[in-house]
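Coordinates in review
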Amino acid sequence: MMTVLLPNPFLTDRQELLDAPDFTRLDAWDALRARFLSLPVDPLDRTGKGFKHSG
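In short, a report on the structure. (Residues numbered from 1 in each chain as written. Predicted model: local features only at pLDDT ≥ 70, side-chain atom pairs only at ≥ 80, totals over all residues. Heavy atoms only, no water.)

1. Some details on the environment of Ala 34
Note the following rule: Counting from the N terminus, the helices are the DSSP runs of H or I reaching at least four residues and the strands are the DSSP runs of E reaching at least two. Each residue is assigned to one of three classes by its accessible area relative to the maximum for its type, calculated with a 1.4 Å probe on protein chains only: buried under 20%, partly exposed between the two thresholds, exposed over 50%.
Considering the arrangement of structural elements, one finds Ala 34 in helix H1 (residues 27-37). With a relative accessible area of 43%, Ala 34 lands in the partly exposed category. In the structure, Ala 34 is positioned 13 residues away from Pro 21 in sequence and 22 Å away in space, judged by C-alpha atoms.

As structure tokens, then:
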């Protein structure tokens, strides 16, 4: 079993919150979708506003 973590548009490589989303970080996800699922880029993937942590 293997876990693969793709870049998150809301986090830096050190898992710190970004001030503004960087949707260029979805390039790897887009390439995987295209190659293995034959799906184009989904504009919905770029509509996120971030996420909140509880506590």
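There's plenty left to go through after this.
2. A word on the packing of aromatic side chains
We apply this condition: Each pair of aromatic rings taken from Phe, Tyr and Trp, with Trp reduced to its six-membered ring, is defined by centres within 6.5 Å and is described as stacked if the planes are under 30 degrees apart, edge-to-face if over 60, and tilted in the remaining cases.
In this structure the tally under the stated criterion is one aromatic pair. Plain terms: the ring middles of Phe 10 and Phe 23 are 6.0 Å apart, the flat faces sit at 85° to each other, and that makes the pair edge-to-face. Of this pair, Phe 10 sits in the segment before H1 while Phe 23 sits in the segment before H1, placing them 13 residues apart in sequence. Comparing Phe 10 with Phe 23 shows no difference in burial state: the two are buried.

3. Re the pattern of salt bridges
What counts here: The term salt bridge refers to a side-chain nitrogen of Lys or Arg lying within 4 Å of a carboxyl oxygen of Asp or Glu.
Using the criterion set out here, one finds two salt bridges in the structure. We note a salt bridge from Arg 25 to Asp 13, for which the minimum N-O separation is 3.0 Å. Of this pair, Arg 25 sits in the segment before H1 while Asp 13 sits in the segment before H1, placing them twelve residues apart in sequence.

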